[in-house]
Amino acid sequence: MCLAVPGKVLDIEERDGTRMATVDFGGVVKEVCLEYLPDLQVGEYAIVHVGFALQRLDEESAKQTLELFAEIGLLQEEFGDAWEMAAEAGGGGTLPLAGEDVIEEVRK
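Given the structure is predicted, the values throughout are model-derived calculations rather than measurements.

Describe the pairing of strand 1 (residues 5–15), naming the residues involved and giving the relevant values.
For a regular strand, side chains alternate in direction, first toward one face of the sheet and then toward the other. Bridging between strand 1 and strand 4 (residues 45–49) involves four bridges; their strand directions are antiparallel. Residue pairing across strands places proline 6 opposite isoleucine 47, the latter belonging to strand 4. Sheet topology note: the strand 1/strand 2 (residues 18–25) ladder contains seven bridges and is antiparallel. Looking across to strand 2, one finds that aspartate 11 is bridged to threonine 22. In this antiparallel pair of consecutive strands, strand 1 and strand 2, the connection spans two residues, and aspartate 16 shows a positive phi of 50°.

Describe the pairing of strand 2, and please don't skip the residues or the numbers.
Most of strand 2 sits inside the fold, with six of its eight residues counted as buried. Relative to strand 3 (residues 28–33), strand 2 runs antiparallel, the two being bridged by six bridges. Opposite methionine 20, over in strand 3, you have cysteine 33 as the bridge partner. The loop that links strand 2 with its antiparallel partner strand 3 comprises two residues; one of these, glycine 26, has a positive phi angle of about 60°.

Describe the nonpolar core, listing the residues and the values that go with them.
Residues Val5, Val23, Phe25, Val32, Leu34, Leu40 and Ala53 are the most contacted members of the largest nonpolar core, which totals 16 residues. Residue assignment for this core shows that the elements contributing at least two residues are strand 1, strand 2, strand 4 and helix 1 (59–71). Ranked by residue count, the leading element in this core is strand 2, at three residues.

How would you summarise the side chain of threonine 22 if you had to cite specific residues and measurements?
Here threonine 22 lies in strand 2. In terms of polar contacts, threonine 22 uses its side chain to reach the side chain of glutamate 31, at 3.0 Å.

Quick one: what's the story with unusual backbone geometry, residue by residue and with numbers?
Despite not being glycine, aspartate 16 has its phi angle at roughly 50°, a positive value. Looking at the element boundaries, aspartate 16 is found in the loop between strand 1 and strand 2. The exposed category is assigned to aspartate 16, whose relative accessible area is 84%. Unlike most non-glycine residues, valine 50 shows phi in positive territory, near 45°. If you trace the backbone, valine 50 turns up in the loop between strand 4 and strand 5 (52–57).

Conventions we followed
- Residues numbered from 1 in each chain as written.
- Predicted model: local features only at pLDDT ≥ 70, side-chain atom pairs only at ≥ 80, totals over all residues.
- Heavy atoms only, no water.
- Pairing = 2+ DSSP bridges.
- Helix = DSSP H or I, 4+ residues; strand = E, 2+ residues; numbered from the N terminus.
- Buried < 20%, exposed > 50% of the residue type's maximum accessible area, 1.4 Å probe, protein only.
- Core = buried A, V, L, I, M, F, W, Y, C linked by side-chain atoms within 4.5 Å.
- Polar contact = N/O pair within 3.5 Å; in protein donor to acceptor, adjacent residues only side chain to side chain.

Listed below in structure tokens is the structure:
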């Protein structure tokens, strides 16, 4: 699932002519493009979808949404470690095989 998630702008810089921000999504920090919100400032909140800040959001609404998402597990689903979640879903909890181990396993 791909959500639009509110996040707080921690810092802003220009990279190769593109305005980028470091954004905190309830403890998960990601890089976000600010081209759709060129006047967004450090400390403000925005709704972010697929790496783009799309709409400014007030702090109270952002915090309520982040709390709700965390409560129902959507932040983990959106930002969690894909390998860890796959291992949990598979029940085995083992890491994938690598190199010669893979070849040997395929031969069996």
